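Spelled out, the chains give:
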Amino acid sequence: MPIYSYKAITSSGLIVRNRIESGSKQSLIKTLKSNDLMPITVEQVKYNNKNKKSKKKNVKDIEEIMKNVNTTQINTKKTFSTKEKINMYLSKTEKITARDIVIFTQNFYLLKKANFNNIHALRTIIDSTENYTFKGILEDILAGVEAGEYMYTTMEYYEDVFPFIYINMIKVGELSGSLTNSLEQAVRYLDESEALNKKIRGILIPNLIQFALLIVMLFVGTLVAIPAIQNIYDEMGSTDQLPAITLWFQGVVNNLMTYWYIPLTFILAVVGAIVFYINTPKGKYNFHYFKYKMPIFGQLIFALDFSRLMKAMLLNLENGMRIQEAMEVSKNVIKNYVMLSIIETSLNNILIGDSWIEPFERSGLPKSMITEMLKVGMQTNLPEMMAKLVEYMEIDIDNIIQKIMKVLPEVVYLIVGCVLIFFVLVVLGPCIEVYMGGWLFSAAGV
């Protein structure tokens with residue numbers, strides 16, 4: 001079991017610091033509160049050596065510890081060994097990566113496929129997990145499962161570690177009794193997401209670096225090279241003038257340097273207004289609708305969300321749920337407000353005896369092929385047709401990704417090219433004129 005280092009405050013305002021063994025972070029917090037201690041920080045320090053024969057502390061010993069320890073004289077620096085300090089440092093700084101979650105999901109899926117129960121599978125994975133921070137989270141999940149809770153209920157406390165979609169895939173699997181299938185979907189989702197992110201990063205990062213360097217060169221050239229060229233003209237008595245676009249941009253840069261607080265205030269105000277609007281119910285809905293309609297990525301975002309919904313519904317239908325129940329459970333895999341509003345309308349249609357497919361069709365977001373397949377499924381065998389629909393959507397998503405991979409570089413190259421042309425006109429043009437020496441004729445009065 002993990003050992004936690006906690007700092008808490010008593011009802012009289014006294015600060016208490018100590019280390020104690022606990023099954024999970026949440027159970028320790030509950031125990032501290034039940035003993036009139038308000039937790040300030042609770043951090044995992046290390047794991048006990050299972051072969052150690054000395055008596056182990058337990059959470060229930062807190063009252064006894066409080067009686068025998070002078071909390072005003074506790075010095076944690078003196079009580080920690082070097083190894084414990086290293087473990088504490090690692091527990092605070094070791095980052096949980098996407099790869100950690102992928103490996104955990106793959107291992108858990110394989111163990112479930114081998115008919116391990118959740119507790120046995122989690123214990124096996126915890127023993128082989130090297131990341132202290134992630135190990136502590138898995139211990140919390142195990143403690144919850146041992147207490148009779150679902151895995152997803154503990155995962156929801158760690159939304160900064162597990163993606164929202166991932167948590168709800170696990171939730172759908174646990175509630176529908178098909179956790180193994182949900183884990184298989186989660187593995188595929190994580191692998192596909194990582195592969196897509198790598199492709200996009202491979203296109204964007206080099207070009208963004210190039211774009212940033214061009215901007216820096218443009219401003220540095222305007223602030224350094226252009227005044228130097230103008231000095232040469234003035235000292236030599238040349239009547240030649242710098243290009244109009246160079247003079248214009250130089251004026252813009254000089255004004256920005258002088259009155260920098262005005263554009264900064266304007267940008268902050270615009271960003272603040274946008275963030276405030278997005279946090280309103282109407283603004284969030286419109287922002288989520290924009291996600292589905294945005295250029296390049298909009299079609300892909302909708303296809304991914306709708307595909308997750310269909311996969312979750314298929315799992316539930318195959319486990320004997322009715323359409324209404326399957327949709328009610330499956331909507332948890334969706335975070336987009338637009339899709340959720342369509343699902344709620346579909347659920348209302350089911351209650352009054354109307355078609356649940358009609359709200360999707362009326363929204364104009366899914367392709368007609370998708371809604372027609374669902375209509376045919378309602379007249380024949382819905383799970384069978386939905387399985388074919390999922391296959392079709394996977395092919396469609398692959399095609400959309402291929403189109404994005406083809407279009408995205410062209411868009412990025414276009415933007416970088418425009419900045420490069422502007423840089424040539426503003427900075428390189430005057431430098432080339434100086435190098436060619438044509439201005440010397442006017443300086444000599446010729």
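Everything below is about the structure shown above.
So, a few notes on the structure that sits alongside this text. This is a predicted model, so every value here is computed, not measured. (Residues numbered from 1 in each chain as written. Predicted model: local features only at pLDDT ≥ 70, side-chain atom pairs only at ≥ 80, totals over all residues. Heavy atoms only, no water.)

**Re helix α5 (residues 98-113)**
Note the cut-off: What counts as a helix is a DSSP run of H or I of at least four residues, what counts as a strand is a run of E of at least two, and both are numbered from the N terminus. For a helix, the expected span equals 1.5 Å multiplied by the residue count minus one. The classification of residues rests on relative accessible area computed with a 1.4 Å probe and restricted to protein chains. Under 20% of the type maximum is buried, over 50% is exposed, and intermediate values are partly exposed. Contacts are residue-level and defined by heavy atoms, with any inter-residue pair within 4.5 Å sufficient.
Compared with an ideal rise of 1.5 Å per residue, which puts 16 residues at 22 Å, α5 spans 22 Å between its outermost C-alpha atoms and is within 8% of the ideal. Restricting attention to buried positions, one finds in α5 the residues I101, V102, F104, T105, F108, Y109, L111 and K112. On its buried face, α5 sits against α6 (118-128), α7 (132-146), α8 (151-155), α9 (164-176) and α10 (179-236). Following α5 by one or two positions, N115 adopts a phi angle in the positive range, close to 70°.

**Looking at a nonpolar patch on the surface**
Quick note on the threshold: Grouping into patches uses exposed residues only, defined as over 30% relative accessible area, and leaves out salt-bridged ones; the cut-off is 9 Å for like charges and 5 Å for nonpolar side chains (Val, Leu, Ile, Met, Phe, Trp, Tyr). For the area figures, the Shrake-Rupley method with a 1.4 Å probe applies, and any residue is considered shielded solely by the protein chains shown. By definition here, a salt bridge exists when the distance from a side-chain nitrogen of Lys or Arg to a carboxyl oxygen of Asp or Glu is within 4 Å.
On the surface, a nonpolar cluster with roughly 590 Å² of combined accessible area is contributed by V216, F219, V220, L223, V224, L256 and M257. Ranked by the residues each element gives to the nonpolar patch, the list is headed by α10, at five residues. Considering the arrangement of structural elements, one finds V224 in helix α10. Overall, V224 belongs to the exposed group, its relative accessible area being 53%.

**Here's the deal with the pattern of salt bridges**
The full count for this structure, using the stated rule, is 11 salt bridges. A salt bridge links R322 to E325, with the shortest nitrogen-to-oxygen separation between them at 3.5 Å. Its relative accessible area of 36% is what places E325 among the partly exposed residues. Measuring nitrogen to oxygen at the nearest pair gives 3.9 Å for the salt bridge that ties K388 to E384. Placement of both K388 and E384 in helix α19 (residues 382-436) is noted, with a separation of four residues, approximately one turn of the helix.

**Points about the nonpolar core**
The criterion, for reference: Definition of nonpolar core: a set of buried residues of the types Ala, Val, Leu, Ile, Met, Phe, Trp, Tyr and Cys, connected through side-chain atoms within 4.5 Å.
Among the nonpolar cores identified, the biggest contains 49 residues, and F306, M310, M339, W356, F360, L374 and M386 are the most heavily contacted of them. Taken together, the elements giving at least two residues each to this core come down to α10, α14 (298-318), α15 (323-330), α16 (337-351), α18 (368-379) and α19. Here the element with the most residues in this core is α19; it accounts for 15 residues. The residues touching M339, leaving out its near neighbours within four places in the chain, are Y292, F302, D305, F306, L309, I334 and F360. Of all hydrophobic cores here, the second largest spans 34 residues; its members include L122, I125, V161 and I165.

**Considering the packing of aromatic side chains**
Inclusion rule: Ring pairs are drawn from Phe, Tyr and Trp, using the six-membered ring of Trp, whenever the two centres fall within 6.5 Å, and their geometry is named by plane angle: stacked under 30 degrees, edge-to-face over 60, tilted for the rest.
Counted by the stated rule, this structure contains 13 aromatic pairs. Plain terms: the ring middles of F104 and F108 are 5.7 Å apart, the flat faces sit at 15° to each other, and that makes the pair stacked. One end of the pair, F104, and the other, F108, are both in helix α5, four residues apart, so they sit about a helical turn from each other. Its relative accessible area of 2% is what places F104 among the buried residues. Taking the centre distance of 5.2 Å and the plane angle of 85° together, the rings of Y292 and F302 count as edge-to-face.

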